[in-house]
Every structure is written in C-alpha cells, then in structure tokens.
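# Fold and geometry: a report
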Amino acid sequence: MAEKVFIIGSGPAAWTAAIYAARASLEPLVYEGAITEDNQMNGTLPLGQLALTTEVENYPGFPAGNLEAYLDDSLDKDIRQFMAPHQKEGVSGPELMELMRQQAKNFGTRIITDDIVKVDFKRHPFQLFASSGDEIEAHAVIVATGARANYLGLPSEDSFKNRGVSACAVCDGALPRFRDKPLVVVGGGDSAVEEADYLSKFASTVYMVHRRDALRASKIMADRAVENKKIELVWNHTIDEVLGSDTDGVTGVRLQSTVDDSKKEIEASGMFLAIGHTPNTAFLGDKLELTPKKYVRWTVPFRTNTSVEGVFAAGDVADDYYRQAVTAAGTGCMAALDAERWLAGQGL
Ligand code: NAP
C-alpha cells in the first residue's frame, strides 16, 4: 500500500508538516534520518540544525519560564531520560525539536530513524529508497531535509561548537557569553555582514575576518560593514586555529595571513561562521529541479510546489534566505496543506 504523505526530514518544517498531515488524517510517515557517524560529522543527524544549538529565544510561544515540568510531562520517558536536564529559562534547540517530534507522534505520525538515499519521482506512486534497503511507495512527498551550515573543518572549531563557535548570529548572538565581548565573524558575503552587524549590537568589537581584500557582499551591505564603528575588517586572513579552554570555551583565534607567512592572534569570546550553507539535496540526484546553489526550487509563488507534481518542499532545503525555525515551520504547514489539497484533487 502506498503512503498518502511521506515526509523526509526532522527539523521544524518536517514536524510541522507531520502535525498538519496527521490532523488531516493523512497518516504521515516520517523518515527522520539515521543516527550514524557520517551524519554526525556532516551535521545532518535527526532533529536538524536546531538540535545543534543552545537557547532558542526567538521561537514564539516559549517566553522565559521554567520548562522542566512541562518537558517531563510532555515527552516519552524513554526520550526524556537521555536528555540533559533543563538548565535555563525559555527553551533550548534540542528541547524544542523533541517537543515538536512528540507533538507529531501524539497525532499518530509514524517515524522511522533512517535516511532516504534515493528517490524515483518518474513513476507514481513515487518510490523512495532507505539506507536500510527498505523501499517505500508514496502518493505525495514532502522534502524537508534542511541545509547545513558550512564550517571550516578545523578540529578546534568542532570542539568549541556551542561553546563559542556558532553559525547563526540570530540564534546565539544575544547569549550572555557574547555580551560586550570581542567577537569574530568569518566570511565576506552578505551573510557575514548581516551577522557582524547584528552581533555589533551586543559585542564590544566584531572582527570580520575575510580571506581576500574585497567583500563579496553587495555594495549596500559592504557599506554597512565599513560604516559600522564596531566592525573591524581584517583583510587577507583565514582562521588557523580556534583558541580556548574547557572552562571558558572560545577565548580567541589565531589568524593566518593569505599574502605572507605571518600569523597573529585576536582575543574573542566567540567565532561565527558565515561562509555559506549546503542544502541536503544530494539524495535527490536530478529528480527535482534545483537552484544553481542546489536548493530545491519552489516553482509556484507562495506555494511549496516543486518541479514534480505531488512533491512539495519545506524549510531550509528550499530557502536560502530566511533560514529561521519559525519560517521553516511555516512552510512545513504550507507543504502539508498543499499536499492535502493536491491529493484531494487527484481523488487520492
Ligand atoms: P556567499 O555570498 O557565498 O559568501 C560566502 C563568503 O564566505 C564569501 O565571502 C567567501 O569568500 C567566504 N568563504 C567561503 N568558504 C570559505 C572558507 N572555506 N574560508 C573562508 N572564507 C570562505 O554566501 P552568503 O553570504 O551566505 O550569501 C548567500 C546568498 O544569500 C547570497 O546570494 C547573498 O546575496 C544572499 N543574502 C542576502 C542578504 C541581504 O541582502 N540582506 C543577507 C544574507 C544573504 P570569497 O568571497 O573569497 O569567495
């Protein structure tokens, strides 16, 4: 029997799509990704990018407050017992994702902890292939596999993730550890300027470290960086090492010049990467139309339709612009409604 709605992914887009599809009696099946070393290395474990962050202060509905009892009460005990105790106010990324997953499950969503590695959208019902060897047939598919932030790939960078190394200023910039401290942003594009500008509200100084002597950012954004007195541009340098300790997290960076052999150190309590994102679309092969940057292309304005009828996309896998939890959840909802209406139109 073919599934009515098949969802690939496990971030806010996927769980929101599942909640809506389940409540519409479409009995969604979610492939949430596999727990493998490869996925860990690539930042593509189940529950997505939010599971890699700490406090989430901008997702509506979670003001400061003690969430402990609510978490204990809402989540399955077998999940809760392996989670870190709730530490601070508000909600953390991993907590938010477990709550969304649980909410989808409560409405009857079935969840398989495995990766989809190949798809066939030429035939209908569509065919999907899991890494376990399982093959699934589905009438409608929602692709919500997200994107992963690019990192430099330094071991020191990896060991300080969540302790000063971040790829999302909007998510983490307002944390107390960064207040009135010098910070480093790596990159020279629009995102780097945007991150630096945002961080300058909290930081004492933001060092924008760029490997060339000219920004890639658009003129209006570049001007913003130059005019911001708290932003100091550090040209022609790359990050050689992230410096820090177990107790303090990041305390600085060592820079390598790109024009000579010189190195220098900068004191900083955080390093923010803004060197681009990679959408998780490799498993799609050439079966869906992608943008030049390999994001799934939405083909109808204000809808989640893709180049294949009956296949919808939601969240960061199709959005290289907003990239927020709440916008991903919003397009997840849209994809479920689009799928529901499409199925009804097909008499399925
Ligand atoms: P981007 O334009 O591709 O810029 C990436 C930056 O990271 C480049 O400056 C690049 O250096 C640098 N970089 C890449 N790999 C690196 C590495 N391994 N080490 C050091 N530096 C590295 O990406 P983006 O800034 O995320 O922007 C993505 C798209 O969204 C763009 O089209 C942008 O215009 C758009 N966007 C617009 C706005 C806005 O208008 N407000 C805001 C954000 C994003 P090189 O320059 O040397 O290649």
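Residues numbered from 1 in each chain as written. Predicted model: local features only at pLDDT ≥ 70, side-chain atom pairs only at ≥ 80, totals over all residues. Heavy atoms only, no water.

Omega for the peptide link from H124 to P125 comes to 0 degrees, which places this bond in the cis form. Here P125 is to be found in the loop between β6 (116-120) and β7 (126-130). Even without being a glycine, N162 presents a positive backbone phi close to 75 degrees. For N162, the location among the structural elements is in the loop between α6 (155-159) and β10 (165-166). On the basis of relative accessibility, which here comes to 36%, the residue N162 falls in the partly exposed class. Of note, K294 is a non-glycine position whose phi angle comes to about 75 degrees, a positive value. (Helix = DSSP H or I, 4+ residues; strand = E, 2+ residues; numbered from the N terminus. Buried < 20%, exposed > 50% of the residue type's maximum accessible area, 1.4 Å probe, protein only.)

Here we come to the pattern of salt bridges. By the definition in use, this model includes 16 salt bridges. As a salt-bridge pair, E27 and K4 come within 4.0 Å of each other at their nearest N and O atoms. Separated by 23 residues along the polypeptide, E27 in the loop between α1 (12-23) and β2 (29-31) and K4 in strand β1 (residues 3-8) bring together distant segments of the chain. K105 is the partner of D76 in a salt bridge, and the nearest nitrogen-oxygen pair spans 2.6 Å. Here D76 is found in the loop between α3 (68-74) and α4 (77-80), whereas its partner K105 is found in helix α5 (residues 93-106), with 29 residues between them in sequence. D76 sits in the partly exposed class, given a relative accessible area of 26%. Relative accessible area serves as the criterion here: at 32%, K105 is assigned to the partly exposed category. (Salt bridge = Lys/Arg side-chain N within 4 Å of Asp/Glu carboxyl O.)

Let us look at the site of the ligand. Residues in close proximity to the ligand total 15 residues, the closest being D190, S191, R211, R212 and R216. One of the side-chain nitrogen or oxygen atoms of D190 is found 2.5 Å away from an oxygen atom of the ligand. A distance of 2.6 Å is found between an oxygen atom of the ligand and a side-chain nitrogen or oxygen belonging to S191. Here the shell around the ligand takes three residues from helix α8 (residues 190-199), the largest share from any one element. Among the residues forming the shell around the ligand, the class breakdown is four nonpolar, five polar and six charged. (Near = heavy atom within 4 Å. Polar contact = N/O pair within 3.5 Å; in protein donor to acceptor, adjacent residues only side chain to side chain. Nonpolar A, V, L, I, M, F, W, Y, C, P; charged D, E, K, R; others polar.)

As a further point, take the environment of S218. Relative to the helices and strands, S218 resides in the loop between β12 (206-209) and α9 (219-227). Separated by 217 residues in sequence, S218 and M1 have C-alpha atoms that sit 51 Å apart.

What follows deals with the layout of surface pockets. In this structure, the second largest pocket occupies an estimated 270 Å³ of space. Along the walls of the second largest pocket sit 14 residues, with I19, Y70, L99, M100 and Q103 positioned nearest its centre. Contributing elements (two or more residues each) for the lining of the second largest pocket: α1, α3 and α5. Per-class residue counts for the lining of the second largest pocket are eight nonpolar, five polar and one charged. (1 Å grid on protein atoms, 1.4 Å probe; cavity = no way out; pocket = protein on both sides within 12 Å on 5 of 7 lines; lining within 4 Å. Points joined across faces, edges and corners; volume = space filled by probe spheres on them.)

With that settled, consider the sheet that holds strand β13 (residues 231-234). One open sheet accounts for five strands, arranged β10-β17-β11-β12-β13; its pairing is parallel. In the strand order of this sheet, the two ends are held by β10 and β13, each with one partner. Direction of pairing for strand β11 (residues 183-186) relative to strand β17 (residues 270-273): parallel, over a ladder of four bridges. The residue of β17 that forms the bridge with L183 is G270. Its contacts with the sheet place α8 against β11, β12, β13 and β17, and it is angled at close to 165 degrees to β11. (Pairing = 2+ DSSP bridges. Contact = heavy atoms within 4.5 Å. Axes fitted to C-alpha atoms, helices over the stretch in contact; angles between N-to-C directions.)

Take the pairing of strand β15 (residues 249-257) next. Across the nine residues that make up β15, a large majority, seven, are buried. Sheet analysis places strand β14 (residues 237-245) next to β15, joined by eight bridges and oriented antiparallel. Its bridge partner lying in β15, G244 is registered against V250. Hairpin connection of β14 to β15: three residues between the antiparallel strands. Examined bridge by bridge, β15 and strand β16 (residues 263-267) share five bridges and lie antiparallel to one another. For L255, the partnering residue across the bridge sits in β16 and is K264. Following β15, the chain reverses through five residues before pairing antiparallel with β16.

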